[in-house]
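Descriptive analysis of the structure
Letter by letter, the chains look like this.
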Amino acid sequence: MSADRGKTDEFARGAVRALLAGRTESVDAAIDLAMGEQRAQRGSARPSRALLRAHAQAMEESHAGELARLLRIEATMQETLSVLSTLEETMLVHDRDAADRAAPAVYGRAVRGEFDLDPTVHIRVVSECAAHIFAEALTRAGFGEVSVGTIATRYGNLDEITFDGEHARVRITRVPPRARIDPDTDLVRGKPTEHADFEAFLGRIPRFARA
């Protein structure tokens, strides 16, 4: 391993420790903190998020074991299924055209069960229902304190519903049916992104449970 690669690994480990200790609230801030504390030289390479995820996975398995990590991932995915179910049930009650809409879906890394660094579940729901209706339904379903705000996207500001689940941060974007948004691309960067509705996501869980 080169000296530069070894230093980048040190930055990654320091950033993961900072996140686990709650010393920072974002991955980028954790990297900045670790590089500052380790007196990174000007021009030093920043560790990638993929590298941080690898270190976070290794640290968890070293501390709790591989099985515990896999069970945590499975529990996170099961919780996500409950969120999708609540959203779809709410649409069926409050959106008269719900049957013609795309089902609520999970987007991004969560589809692959990647929850080793900053466990976040991104979901989109296409509906005329107001965001507060979904928020109230999630609260009644037992998901705790739910907040409603907005998120800046390539398509303008969209409603966003957020809450801290038992295993991950959940961020739900409400997409108005009239909005011409490509379901296969990221809302902010416009890059291709994978997604899965309830049935597709359910089919992903056994793969992790059997790993």
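Per chain, the residues get numbers from 1 upward, laid out in the order the sequence is written. Residues qualify for local features only when their pLDDT is at least 70, as the model is predicted, and side-chain atom pairs are given and counted only at 80 or more; totals for whole chains, interfaces and linings, by contrast, use all residues. Only hydrogens and water are set aside; all other atoms, that is, all heavy atoms of the structure, feed into the side-chain values.

1. Overview of the side chain of threonine 86
What counts here: Helix and strand assignments follow DSSP, with helices taken as H or I runs no shorter than four residues and strands as E runs no shorter than two, numbered in order from the N terminus. A contact between two residues is defined here by any heavy atoms of the two lying within 4.5 Å.
Looking at where threonine 86 falls in the secondary structure, it is placed in helix H4 (residues 66-94). Excluding residues that lie within four positions of it along the chain, threonine 86 makes contacts with Ala137, Leu138, Ala141 and Phe143.

2. Some points on the pairing of strand S2 (residues 120-126)
The line we're drawing: Per-residue accessibility, obtained with a 1.4 Å probe over protein chains only, is compared with the maximum for each type, and a residue is labelled buried under 20%, exposed over 50%, and partly exposed between these values. Whether two strands pair depends on DSSP finding at least two bridges between them.
Most of S2 is tucked away: 5 of the 7 residues are buried. Note: strand S1 (residues 105-107) against S2, 3 bridges, orientation antiparallel. Among the inter-strand pairings, tyrosine 107 is bridged to a residue of S2, identified as histidine 122. Strand direction decides the pairing type here: S2 and strand S5 (residues 169-175), joined by 7 bridges, are parallel. Its bridge partner lying in S5, histidine 122 is registered against arginine 171.

3. A word on the sheet that holds strand S6 (residues 195-197)
Inclusion rule: In this description, a line fitted to the C-alpha atoms serves as the axis of each element, helices being fitted only across the stretch in contact, and the angle between N-to-C directions of two axes falls anywhere from 0 to 180 degrees.
Pairing is mixed across the open sheet formed by 6 strands, whose spatial order is S3-S4-S5-S2-S1-S6. The sheet is open, and its two borders are formed by strand S3 (147-153) and S6, each paired with just one other strand. With direction set aside, neighbouring strand axes in the sheet form an average angle of 30°. Relative to S2, H4 is tilted by about 15°, and along the sheet it contacts S1, S2, strand S4 (156-164), S5 and S6. Contacts between helix H5 (residues 131-140) and the sheet are confined to S2, S3, S4 and S5, with S4 contributing the most and set at about 10° to the helix.

4. Quick look at the layout of surface pockets
The cut-off we apply is this: Put simply, the grid is 1 Å and covers the protein atoms alone, a cavity is a trapped set of points that fit a 1.4 Å probe, a pocket is an open set with protein on both sides within 12 Å along at least five of seven lines, and lining residues have an atom within 4 Å of a point. Grid points are joined across faces, edges and corners, and a volume is the space filled by probe spheres set on the points. Residues were grouped as follows: Ala, Val, Leu, Ile, Met, Phe, Trp, Tyr, Cys and Pro as nonpolar; Asp, Glu, Lys and Arg as charged; and all remaining residues, including Gly, as polar.
As a volume, the largest pocket reaches approximately 1,400 Å³. In terms of lining, the largest pocket is formed by 45 residues, of which the most central are Arg49, Arg109, Asp118, Thr120 and His122. Mapped by element, the contributors of at least two residues to the lining of the largest pocket are helix H1 (3-20), helix H3 (49-64), S2 and S5. Among the elements that take part in the lining of the largest pocket, H3 stands out by supplying 8 residues, more than any other. Here the residues of the lining of the largest pocket sort into 18 nonpolar, 10 polar and 17 charged. Reported here for the second largest pocket is a volume of approximately 210 Å³. Put simply, the parts of the chain that give the lining of the second largest pocket at least two residues each are S1, S2 and S6. Looking at side-chain class alone, the lining of the second largest pocket contains 13 nonpolar, 1 polar and 2 charged residues.

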